[in-house]
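The residues making up each chain are set out below.
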Amino acid sequence: MEDRENIYATEQADTFARVRLSAKRYGHTLRVADTAEDLARVHGLNPARTRLAALLHDAARELSPNEFLDLALGWNLPVGEPERESPKLLHGPVAAELARRELGVDDGEVLDAVRDHTTGHPGMGPLSLALYVADKIEPARDYPSVERLRRLARRDLRGAAAESLRRSIAHNEERGRTTHPASLETLEWLEEAEKGA
Ligand SMILES: [Fe+2]
Ligand SMILES: [Fe+2]
C-alpha cells in the first residue's frame, strides 16, 4: 500500500471505530494506536499499517454476545467451545471481517493482527505482535509488571508477548479460568523460539 492510501485508510478506520465505541473504549483504541505506531517505528515495521490494525482492533467490542455468534457463524469464522462460552472472544475475528467487508481492508497482515489480538496465534507476524503487546501496555494500563513490559517491548517484541501471555495465563489460573488453547499454543511457539535464539 502507498503511504497516501495508508493515511486514507487510517482516517476511515478511526471513524469506523469512533462511531461503534463508547468514548472510553475509543480512548483506549487511540492509545493503543499511538503505542503500536511507536513500537512499529522502534522495530522497523510500517507505522501506518500498524496504526491501521490498532484502530480496528476493538471496533466490534461492543456488539452483544448474540451478535458475535450470529455474525461469526454467518461468515463461517471458526467458533469453538471457548467462543460459544464467551462470545466476546470473537471481537477480533468479527472486527477483521467487518473491516474487510465494510472498509475494504485487504492487507492480510493487518487483518491477521486484528483477528489475533485477543488470544494470540502461533506463528503470528511482527505487526500482530506489535498490536498484541501495545494493547497490553498502552499508557492507561496499570498493573505491577507493566513498566517492565513497556521497557521489554522496545527491545524485544516476542519476549514482551511471551511475558504478557505468561502473566495472563497465571492470572486465569489464580481465578480458576481456563486459558484459550490459542494462547497456550502461542506461548509454546514463542518459548520454542526463545530457546532456539
Ligand atoms: Fe480487544
Ligand atoms: Fe484493546
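Quick summary incoming for the structure in this document.

Section: the packing of aromatic side chains
Turning to step 1, where the next piece is worked out: Counted by the stated rule, this structure contains 0 aromatic pairs.
Turning to step 2, where the next piece is worked out: K136 extends its terminal NZ or CZ atom over the ring of Y132, reaching a point 3.9 Å from the ring centre.
Turning to step 3, where the next piece is worked out: If you follow R167 out to its NZ or CZ, it ends over the ring of Y143, 3.6 Å from the centre.

Description of the environment of Y143
Turning to step 1, where the next piece is worked out: Looking at where Y143 falls in the secondary structure, it is placed in the loop between α8 (126-137) and α9 (146-155).
Turning to step 2, where the next piece is worked out: Other than its neighbours up to four places away in sequence, Y143 contacts K136, I137, L149 and R167.
Turning to step 3, where the next piece is worked out: A polar side-chain atom of Y143 sits 2.7 Å from the main-chain carbonyl oxygen of K136.

Some remarks on the side chain of T179
Turning to step 1, where the next piece is worked out: One can find T179 in the loop between α10 (157-174) and α11 (181-196).
Turning to step 2, where the next piece is worked out: Its relative accessible area of 16% is what places T179 among the buried residues.
Turning to step 3, where the next piece is worked out: Within the structure, the side chain of T179 is placed 3.0 Å from the side chain of N172, a separation counted as a polar contact.
Turning to step 4, where the next piece is worked out: If sequence neighbours within four positions are ignored, T179 has contacts with I169, N172 and L184.

What counts, and at which threshold
Residues numbered from 1 in each chain as written. Chains lettered and ligands numbered in written order. Predicted model: local features only at pLDDT ≥ 70, side-chain atom pairs only at ≥ 80, totals over all residues. Heavy atoms only, no water. Phe/Tyr/Trp six-rings, centres within 6.5 Å; stacked < 30°, edge-to-face > 60°. Lys NZ or Arg CZ within 6 Å of the ring centre and 35° of its normal. Helix = DSSP H or I, 4+ residues; strand = E, 2+ residues; numbered from the N terminus. Contact = heavy atoms within 4.5 Å. Polar contact = N/O pair within 3.5 Å; in protein donor to acceptor, adjacent residues only side chain to side chain. Buried < 20%, exposed > 50% of the residue type's maximum accessible area, 1.4 Å probe, protein only.

Taken by themselves, the reported measurements are silent on function.
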